[in-house]
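Working through the structure, step by step
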Amino acid sequence: MLSHQPPATSHLFAQPRHDWTLPEVEALFARPFMELVFDAATVHRRWFDPSEVQKSQLLSIKTGGCAENCGYCSQSAFFDTGLKAEKLMDTAVVLAEAMAAKAGGASRFCMGAAWRELKDRDTPKLAAMISGVKALGLETCATLGMLTADQARQLKAAGLDYYNHNLDTGPEYYTQVVTTRTYKDRLDTLSHVRDAGMSTCCGGIVGMGEARRDRASLLHALATLPEHPDSLPVNALVPVTGTPLGERVIQSGEIDPIEFVRTVAVARLVCPRAMVRLSAGRETMSPEMQALCFLAGANSIFVGGKLLTTPNPEQDEDARLFALLDLKPMASMAVEAAA
Ligand code: SAM
Ligand code: DTB
Ligand code: SF4
């Protein structure tokens, strides 16, 4: 007679579901840790080669001075973080950075702008950057704030493969994080991105003082979207001095690492075919912690020594991590095939 919890039911291993309930997602969080990670690792193997990790590289093409009040962000004009606002980069500089990212082993290049929304006057310049990056043989991604349906179509026509727009947290905790835009605003942009035929990159942040229920609620929101995100970034809050949520973490401590791994595992279970990205926060994670995240189903990372404004492990450090864990970079075509 077994004295431990029985393995998860077979429904976890069937086709992706869109009818998850919040109690079901909370029940996954509550599973014994070893069972949860085992189930997530099993589901990961059902859809992906677990030795492959996709590499994306970020560039902040327009830094600081943002009109939103996201309580974690170094780039919000509402907080004094010491960051100097800059204007939109020249296309040639962006393309030189993209070339360097490709040479460093990234398969996807993601351009980020500290904007509330894309302005029509900037769209032609963005289109030139996107088509230029695409011509280098890289997958293209952008994160530029809210988009209209028409702007989404223009970016797609320019060659944009992915658009990143995070829900950040569950709907109940959302107003503790940002008040200058609504949850619905975010969902509307995601819908324009899908309608334009682009892949979605959508996830959130863990460690902002939210409860487990809020983490479950975020993953429930993602798993019940009309289509699961193609990429699902799980960010650990990078505490930035001067931001309300960063200051809170500096004073009361970071999230329990095991709870972070649980979040990655549940993300893998509820959105089984998504590329689950171990995103911001790797700079302070041990190799053991990152190994647990990969075991729990993370299969994508940001590479290069900088995210948008904060540090990230350097290429040589990640090369050592990949060697240590027998991981290999996912080829671009494999990403396409899995999407
Ligand atoms: N302005 C655009 C937007 O917010 O959609 C694009 C850039 S914004 C910096 C992209 C995402 O980075 C945010 O949605 C948030 O999830 C994440 N992020 C920003 N600052 C962070 C921090 N300090 N720690 C962890 N994630 C962060
Ligand atoms: C995402 O979910 N995380 C990335 C990307 N999408 C744009 C951004 C992380 C930013 C971390 C803080 C910074 O470097 O400013
Ligand atoms: Fe602006 Fe994006 Fe930062 Fe929010 S997360 S303040 S929208 S740059």
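Calculation notes
Residues numbered from 1 in each chain as written. Chains lettered and ligands numbered in written order. Predicted model: local features only at pLDDT ≥ 70, side-chain atom pairs only at ≥ 80, totals over all residues. Heavy atoms only, no water. Helix = DSSP H or I, 4+ residues; strand = E, 2+ residues; numbered from the N terminus. Buried < 20%, exposed > 50% of the residue type's maximum accessible area, 1.4 Å probe, protein only. Contact = heavy atoms within 4.5 Å. Arc of directions from axis to C-beta. Near = heavy atom within 4 Å. Polar contact = N/O pair within 3.5 Å; in protein donor to acceptor, adjacent residues only side chain to side chain. Areas by Shrake-Rupley, 256 points an atom, 1.4 Å probe, with all protein chains shown as cover. Nonpolar A, V, L, I, M, F, W, Y, C, P; charged D, E, K, R; others polar. Axes fitted to C-alpha atoms, helices over the stretch in contact; angles between N-to-C directions. Parallel < 35°, antiparallel > 145°, perpendicular 65-115°, else oblique. Left-handed = near helix turned anticlockwise from the far one by under 90°. Phe/Tyr/Trp six-rings, centres within 6.5 Å; stacked < 30°, edge-to-face > 60°. pLDDT = per-residue confidence, 0-100.

1. A short note on the environment of H18
Among the structural elements, H18 can be located in the segment before α1 (22-29). You can call H18 partly exposed: its relative accessible area is 38%. Measuring from C-alpha to C-alpha, the distance between H18 and H228 comes to 7.8 Å, with 210 residues separating the pair along the chain. Setting aside its immediate chain neighbours within four residues, H18 contacts A223, T224, L225, P226, E227 and H228.

2. Some words on helix α5 (residues 149-158)
Every buried residue of α5 is listed here: Q151, A152, L155 and A158. The buried residues of α5 occupy one face: seen down the axis, they fall within an arc of 125°. Buried residues in α5 make contact with α4 (123-135), β4 (162-164) and α6 (183-195). Remark: G159 follows α5 within two positions and exhibits a positive phi of approximately 115°.

3. Thoughts on the site of ligand 1
Near ligand 1 you find 16 residues, and of these T143, N166, D168, R186 and V238 are the closest. One of the side-chain nitrogen or oxygen atoms of N166 is found 2.9 Å away from an oxygen atom of ligand 1. Residue V238 places a main-chain N or O atom 3.0 Å away from a nitrogen atom belonging to ligand 1. Expressed as a share of its isolated accessible area of 550 Å², the protein-covered part of ligand 1 is 90%. Each residue belonging to the shell around ligand 1 can be placed in one class, and the counts come to 9 nonpolar, 5 polar and 2 charged.

4. A short note on the packing of α4 against α5
Where α4 meets α5, the axes come as close as 8 Å, and the angle between the chain directions of the two elements is 30°. Of the possible angle classes, the one that applies to α4 and α5 is roughly parallel. As for the relative orientation of α4 and α5, their crossing is right-handed in sense. Contacts between α4 and α5 involve T123, L126, A127, I130 and S131 on the former and, on the latter, Q151, Q154, L155 and A158. Its residues assigned to classes, the contact of α4 with α5 shows 5 nonpolar, 4 polar and no charged.

5. Side note on the packing of aromatic side chains
A complete count under the given rule lists 2 aromatic pairs for this structure. The interplanar angle of 50° and the centroid separation of 6.5 Å between the aromatic rings of F78 and F79 together place this pair among those described as tilted. Arranged with centres 5.1 Å apart and planes meeting at 85°, the rings of Y174 and Y183 form a pair that is edge-to-face. Per residue, the accessibility class of Y174 equals that of Y183, and both read buried.

6. Section: the packing of α1 against helix α9 (residues 257-270)
When two helices pack together, their arrangement is given by the angle between their axes and by how far apart the axes lie. α9 packs onto α1 with a crossing angle of 130° between their chain directions and a minimal axis gap of 9 Å. Here α1 lies oblique to α9, going by the angle between them. The two elements α1 and α9 cross, and the hand of that crossing is right-handed. For the pair α1 and α9, contact is made by V25, L28 and F29 and by E259, R262, T263, V266, L269 and V270, respectively. Considered class by class, the residues forming the contact of α1 with α9 number 6 nonpolar, 1 polar and 2 charged.

7. Some thoughts on the confidence of the model for the protein
Across the protein, the average pLDDT comes to 94, with 94% of residues at or above 70. Scored below 50 in pLDDT, residues 334-339 makes 10 contacts in the model with residues more than four places away or belonging to other chains.

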